[in-house]
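Now for the letters of each chain:
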Amino acid sequence: MRTLVLLWAMTKREAIELRRYAFDTVMQLVTIYVVFLLIFFGAKAFIGGAARTGGTLPGIVVGFMMWTLAISAYSDVSFTLVQEATAGTLEQIAMAPLGLPRVLVARFLAGLGFNLVIQLALLLLMMATTGQWLHLDLLSILPLMAVTVAGVFGIGLAVGGLALVFKRVQSVMQILQFAFVALVALPLDRFPFFKYLPLAWGNHLIGRVMIDGISIVRIPGPDLALLLAVSVAWAGLGLAFMSRLDRVARSRALLGHY
Amino acid sequence: MRGDTLLEIEALTKVYRSRRRGDVRAVDGVSFRVGASEVVGLLGPNGAGKTTTIKCLSTIVRPTSGRIALDGVDAVRHPRAAVEKVAAVLEGNRNIYWRLTVRENLEFFAALQGLRARAVRASIDELIGRFGLGDKARTPARMLSKGMQQKLALACAFVKETPLLVLDEPTLGLDVESSHDLRVHIKEAAAAGGRTILLSSHDMDVVQDVCERVVIVNGGRVVTDDRVANLLELFGARAYRFTIAGPVGGPLGDALRVRFPLLDARSDPYRSEIDVELPDGAGFYDLVDILRESRSVVESIDRRDPNLEEIFLKIVTQEAPQGGAR
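In this report, we go over the structure that sits alongside the text. As the structure is a prediction and not an experimental result, all values here were calculated from the model.

## Remarks on the overall build of chain A
Alright, step 1. Helix and strand counts for chain A come out as 10 helices and zero strands.
Alright, step 2. The order of α-helices and β-strands along chain A, N terminus first, is α-α-α-α-α-α-α-α-α-α.
Alright, step 3. Its C-alpha atoms put chain A at 60 × 40 × 35 Å along the principal axes.
Alright, step 4. Sorting the 258 residues of chain A into buried and exposed places 51% on the buried side.
Alright, step 5. Considering only residue pairs separated by 6 or more positions, chain A has 78% of its internal contacts joining residues 24 or more positions apart.
Alright, step 6. In the structure as shown, chain A presents an accessible area of about 11,600 Å², 69% of it carried by carbon and sulfur atoms.
Alright, step 7. For chain A, the distance from the average site of its 19 positive side-chain charges to the average site of its 11 negative ones is 4 Å.

## Here's the deal with the overall build of chain B
Alright, step 1. Per the secondary structure count, chain B includes 11 helices and 14 strands.
Alright, step 2. Counting only C-alpha atoms and orienting by the principal axes, one finds that chain B spans roughly 80 × 50 × 40 Å.
Alright, step 3. Long-range contacts, defined as pairs at least 24 residues apart, comprise 72% of the intrachain contacts of chain B with a sequence gap of at least 6.
Alright, step 4. For chain B, the accessible surface area stands at approximately 15,100 Å², while carbon and sulfur atoms represent 46% of it.

## Points about the interface of chain A and chain B
Alright, step 1. Counting from both sides, the interface comprises 33 residues of chain A and, opposite them, 36 residues of chain B.
Alright, step 2. Each partner contributes to the roughly 3,100 Å² buried at the junction of chain A and chain B, and carbon and sulfur atoms together form 56% of this total.
Alright, step 3. Three residues stand out in chain A for area buried against chain B, namely Gln 92, Met 95 and Pro 97 of chain A, and they jointly supply 23% of the buried area on that side.
Alright, step 4. In this structure, the connection of chain A to chain B is made through five salt bridges.
Alright, step 5. A salt bridge links Lys 12 of chain A to Glu 107 of chain B, with the nearest nitrogen and oxygen atoms 2.8 Å apart.
Alright, step 6. Run the count over chain A and chain B and you get 15 residue pairs in polar contact (both at pLDDT 80 or more).
Alright, step 7. The set of elements that each furnish at least two residues to the side of chain A that touches chain B consists of helix H1 (2–20), helix H4 (56–87), helix H5 (90–94), helix H6 (100–130) and helix H10 (221–251) of chain A.

## Points about the environment of Leu 6 of chain B
All names here are of chain B.
Alright, step 1. With respect to the helices and strands, the residue Leu 6 is situated in strand E1 (residues 5–16).
Alright, step 2. Residues Leu 6 and Val 159, 153 residues apart in the sequence, show an inter-C-alpha distance of 19 Å.
Alright, step 3. Apart from residues no more than four positions distant in its own chain, Leu 6 is found in contact with Val 34, Gly 35, Ala 36, Ala 69, Leu 70, Asp 71, Pro 163, Leu 164 and Thr 196.

## Comments concerning the sheet that holds strand E11 (residues 239–245) of chain B
All names here are of chain B.
Alright, step 1. The strand order across the open sheet built from four strands is E12-E13-E11-E14, with neighbouring strands paired in antiparallel fashion. Unpaired on one side and paired on the other, strand E12 (264–267) and strand E14 (298–303) mark the two borders of the sheet. Between one strand axis and the next, the sheet turns through 15° on average, direction left out of account.

## What about the nonpolar core?
Alright, step 1. Ranked by internal contacts, the top residues of the largest apolar core, which has 171 residues, are Phe 180 of chain A together with Leu 7, Phe 32 and Ile 68 of chain B.
Alright, step 2. Top element by residues in this core is H4 of chain A. It accounts for 16 residues.
Alright, step 3. When sequence neighbours within four positions are dropped, the list of residues in contact with Ile 68 of chain B reads Leu 7, Glu 8, Ile 9, Leu 12, Cys 56, Leu 57, Pro 63, Val 73, Asp 74, Ala 75 and Val 76 of chain B.
Alright, step 4. One finds Phe 242, Leu 252, Leu 263 and Ile 290 of chain B within the second-largest nonpolar core, a separate group that totals 14 residues.

## Points about the packing of aromatic side chains
Centre distance and the angle of the planes are the two values used to describe a pair of aromatic rings.
Alright, step 1. Throughout the structure, instances matching the rule amount to 13 aromatic pairs over all chains.
Alright, step 2. Taking 5.0 Å as the distance between ring centres and 90° as the angle between the ring planes, the aromatic pair formed by Phe 193 of chain A and Phe 194 of chain A counts as edge-to-face.
Alright, step 3. A residue is classified by how much of its surface remains accessible, and Phe 194 of chain A, at 10% relative accessible area, is buried.
Alright, step 4. When the ring of Phe 108 of chain B is compared with that of Phe 109 of chain B, the centres are 5.7 Å apart and the planes differ by 80°; the resulting orientation is edge-to-face. Across this residue pair, the class does not change: Phe 108 of chain B and Phe 109 of chain B are buried.
Alright, step 5. Counting every residue linked through ring pairs, the aromatic cluster contains Tyr 240, Phe 242, Phe 284 and Tyr 285 of chain B.
Alright, step 6. Residue placement shows Arg 13 of chain A over the ring face of Tyr 97 of chain B; its charged tip is 4.3 Å from the ring centre.
Alright, step 7. Sitting over the face of the ring of Tyr 21 of chain A, Arg 99 of chain B holds its NZ or CZ atom 4.0 Å from the ring centroid.

## Some points on H6 of chain A
Alright, step 1. The end-to-end C-alpha separation of H6 of chain A is 42 Å, in line with the 45 Å expected for 31 residues at 1.5 Å each.
Alright, step 2. Leu 112 of chain A marks the point of greatest bend in H6 of chain A, at about 25°.

## Here we look at the pairing of strand E8 (residues 196–200) of chain B
Residue and element names in this part refer to chain B.
Alright, step 1. The buried count for E8 comes to five of five residues, which makes it a mostly enclosed element.
Alright, step 2. Here E8 shows two buried faces, one formed by Thr 196, Leu 198 and Ser 200 and the other by Ile 197 and Leu 199.
Alright, step 3. Bridging between strand E3 (residues 39–43) and E8 involves four bridges; their strand directions are parallel. Considered in E8, the bridge of Leu 42 is made with Ser 200.
Alright, step 4. Two strands pair when backbone bridges link them, and strand E7 (residues 164–168) and E8 are joined in this way by five bridges, in the parallel orientation. Paired with Leu 165 across the strands is Ile 197, a residue of E8.

## Quick look at the sheet that holds E8 of chain B
All names here are of chain B.
Alright, step 1. Within the open sheet, the six strands sit side by side as E6-E7-E8-E3-E9-E10. Their pairing is mixed. Each of the sheet's edge strands pairs with one partner strand only, and the pair in question is strand E6 (86–89) and strand E10 (221–227). On average, each strand axis in the sheet is inclined to that of its neighbour by 15°, with strand direction left out of account.
Alright, step 2. Pairing of E3 with strand E9 (residues 213–218), which is carried by four bridges, proceeds in the parallel orientation. Across the sheet, Val 40 pairs through a bridge with Arg 213, a residue of E9.
Alright, step 3. With respect to the sheet, helix H1 (residues 50–57) is in contact with E3, E6, E7, E8 and E9, its orientation differing from that of E7 by roughly 150°.
Alright, step 4. Helix-sheet contacts for helix H11 (residues 308–316) involve E3, E9 and E10, and the interaxial angle to E9 is about 35°.

## Re a nonpolar patch on the surface
All names here are of chain A.
Alright, step 1. Among the surface-exposed residues, Phe 23, Val 26, Met 27, Val 30, Val 34 and Leu 38 lie close enough to one another that they form a single nonpolar patch of about 580 Å² accessible area.
Alright, step 2. Along the polypeptide, Val 26 turns up in helix H2 (residues 22–47).
Alright, step 3. Exposure remark for Val 26: the relative accessible area of 46% places this residue in the partly exposed category.

## As for the packing of H6 of chain A against helix H7 (residues 138–166) of chain A
All names here are of chain A.
Alright, step 1. Where H6 contacts H7, the two axes come as close as 10 Å, and the packing angle between them is 140°. Taken together, the axes of H6 and H7 lie oblique to each other. Crossing handedness for the pair H6 and H7: right-handed. Taken together, the residues of H7 that come into contact with H6 (itself represented by Leu 100, Leu 104, Val 105, Phe 108, Leu 112, Leu 116 and Leu 120) are Leu 138, Leu 142, Met 145, Ala 146, Val 149, Ala 150, Phe 153, Leu 157 and Leu 164.
Alright, step 2. When its residues are assigned to classes, the contact of H6 with H7 shows 16 nonpolar, no polar and no charged.

About the thresholds
- Each chain carries its own residue numbering, running from 1 in the direction its sequence is written.
- To read the labels, note that chains go from A and ligands from 1, taken in the order they are written.
- For a predicted model such as this one, the threshold for reporting local features is a pLDDT of at least 70, and the threshold for listing and counting side-chain atom pairs is 80 or more; totals across whole chains, interfaces and linings nevertheless cover every residue.
- Working from all heavy atoms in the structure, the side-chain values ignore hydrogens and water.
- The helix and strand labels rest on DSSP assignments: H or I over at least four residues marks a helix, E over at least two residues marks a strand, and numbering proceeds from the N terminus.
- Burial classes: relative accessible area under 20% of the type maximum marks a residue as buried, over 50% as exposed, and values in between as partly exposed (1.4 Å probe, protein chains only).
- For this analysis, residues touch if any pair of their heavy atoms sits within 4.5 Å.
- Exposure was quantified through the Shrake-Rupley algorithm and a 1.4 Å probe, taking into account, for residues, occlusion by the shown protein chains and nothing else.
- Only four residue types enter the charge count: Lys and Arg as positive, Asp and Glu as negative, with His and the chain ends excluded.
- Where a charge lies is defined by one atom per residue type: Lys uses NZ, Arg uses CZ, Asp uses CG and Glu uses CD.
- Buried area: the accessible area, evaluated with a 1.4 Å probe, that two parts lose upon being put together, summed over both parts.
- Salt bridge, as applied in this entry: a Lys or Arg side-chain nitrogen positioned within 4 Å of an Asp or Glu carboxyl oxygen.
- The term polar contact refers here to a pair of N or O atoms within 3.5 Å; inside protein, the definition further demands a hydrogen-donor-capable atom paired with an acceptor-capable atom, and it admits residues adjacent in sequence only when both atoms are side-chain atoms.
- Criterion used throughout: strands pair if DSSP finds at least two bridges between them.
- To obtain an axis, a line is fitted to C-alpha atoms, over the contacting stretch when the element is a helix, and the angle between two such axes runs from 0 to 180 degrees between their N-to-C directions.
- Here, nonpolar core means buried Ala, Val, Leu, Ile, Met, Phe, Trp, Tyr and Cys residues that are tied together by side-chain atoms lying within 4.5 Å of each other.
- Ring geometry is summarised as follows: Phe, Tyr and Trp rings, the Trp one being its six-membered ring, pair when their centres sit within 6.5 Å, and such pairs are stacked at plane angles under 30 degrees, edge-to-face over 60 and tilted between the two.
- In this scheme, Lys NZ or Arg CZ marks a charge over a ring once it lies within 6 Å of the ring centre and within 35 degrees of the ring normal.
- Expected helix span is taken as 1.5 Å per residue step, with the number of steps being one fewer than the number of residues.
- At any given residue, the bend is defined as the angle formed between two axes, one fitted to the seven residues that end at that position and one fitted to the seven that begin there.
- For patches, a residue must show more than 30% relative accessible area and have no salt bridge; joins then use 9 Å for like charges and 5 Å for nonpolar side chains, namely Val, Leu, Ile, Met, Phe, Trp and Tyr.
- Any angle from 65 to 115 degrees is called roughly perpendicular, while one under 35 is roughly parallel, one over 145 is roughly antiparallel, and all others are oblique.
- Less than a right angle of anticlockwise turn of the near helix away from the far helix marks a crossing as left-handed, whereas a clockwise turn marks it as right-handed.
- Think of it as three bins: nonpolar holds Ala, Val, Leu, Ile, Met, Phe, Trp, Tyr, Cys and Pro, charged holds Asp, Glu, Lys and Arg, and polar takes everything else, Gly as well.

Structural data, given as structure tokens:
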């Protein structure tokens with residue numbers, strides 16, 4: 001019950017902030033859209049006809065969507081911590097009876113709903129712009145997206161934990177942005193171990209739904225189980241790492257510093 | 001201390017380990033208790049260990065050793081259970097969300113504590129009224145004056161409905177009017193809600209006005225734990241000001257300084273004021289005898305009532321009278 005109250009409060013706060021800072025929200029979307037256009041038309045010009053026949057361009061649309069979703073999911077935690085610390089509210093949320101990690105999970109879940117809606121809106125815009133109409137089977141796409149992003153969130157929690165102790169972790173965040181590009185762009189048949197990392201396997205399955213038109217019920221059970229297991233494992237590891245660094249930060253009295 | 005013990009701190013120690021600078025012992029065996037519904041001041045000079053103590057009992061700093069019991073809950077072993085018992089307004093922090101309105105802040109902090117908006121609606125309305133935020137309820141916090149923001153931070157602590165409230169420098173940076181206003185609100189809210197308050201402040205007027213008892217820490221240790229009224233009486237009863245005609249100097253000045261080394265005398269050609277602390281009755285008559293022998297004309301003798309600030313300064317500079325410190 002207490003978790004639901006917290007989740008509702010976080011969702012309400014997220015909605016208020018998105019609405020009250022509508023210009024900033026819109027500009028973020030415009031920026032993502034412009035970056036997508038540069039990547040898409042750059043790839044089209046560079047690869048030429050082979051891209052269209054080889055399925056590269058639809059892959060770029062799906063990969064870019066998953067990459068931006070991943071970036072927003074993992075950076076949300078660390079940005080939240082940095083923002084709360086600089087705003088002077090981190091110690092207040094650290095005093096929540098549910099504990100700081102769970103507050104951040106609630107914050108992530110609240111943000112996830114908005115992120116999924118925003119990503120789908122952007123996806124429609126990207127498809128309309130590029131003429132690459134993909135299969136929009138929402139009942140298949142949304143659960144896969146949510147589970148995929150949960151694994152990425154684990155990385156976000158770990159980076160957030162580092163931010164609690166070391167404060168400035170921008171360099172790690174920048175490196176991770178490039179790592180996520182590799183996870184969505186590199187082919188899994190050549191790099192099979194990538195499927196055990198966050199994002200890669202989920203991106204692959206979502207690609208099968210959106211590009212190949214396969215429903216989630218037709219995806220083999222072991223494939224779905226692997227996605228779930230990988231995401232839960234990374235989310236769990238991230239949560240454990242974050243909880244550990246939360247204790248370190250409290251022990252060294254670092255929560256109030258930035 | 002009155003009532004059942006709500007906060008019990010025993011041998012609290014916090015050591016910050018540093019390879020470069022060596023260990024820093026911020027809190028060194030602090031022990032005190034606070035009874036239910038008490039309003040207690042936690043005083044001390046900068047670096048005395050007040051904020052570390054406050055953060056330890058708020059669970060945001062983990063102590064090196066010692067015990068903290070909040071309403072019977074061990075805050076060191078079970079911090080999550082303990083934070084249900086304490087809310088804090090921390091020094092130097094905003095403590096509130098500037099993007100949210102007054103009402104939204106109150107609802108958010110209640111939810112953070114696990115309280116549903118519907119269940120605390122009446123309480124939020126009451127706090128908005130009590131803290132004079134009625135016409136600002138829909139105003140984002142960033143648009144409020146500093147005084148109003150601090151009132152909102154206090155209201156956000158009160159809305160959590162915890163039995164203990166910790167207020168670290170709640171009047172810091174406020175103008176005289178806002179500070180006075182805020183202390184009235186603290187007193188009213190404490191009385192109305194029956195809350196226990198631990199208040200740390202450098203503003204001794206606030207402490208003297210709001211607190212029943214003070215715990216003074218210095219160098220990480222408790223040096224005094226007594227009721228404000230007792231301290232004022234203890235120090236007030238022993239401080240006198242003698243006003244005599246003419247300057248104090250020559251043999252009279254020498255005789256006074258030999259017998260009363262801590263005496264403070266100010267003279268002009270027409271009048272002298274002698275401030276002296278006389279811990280026992282004999283000293284008073286000794287002084288009178290010295291003045292009589294020098295044929296000084298005593299114009300007046302006044303018992304001085306030092307305020308809490310003067311008492312605090314004496315205590316932390318280790319001039320506490322016997323029995324004042326525990």
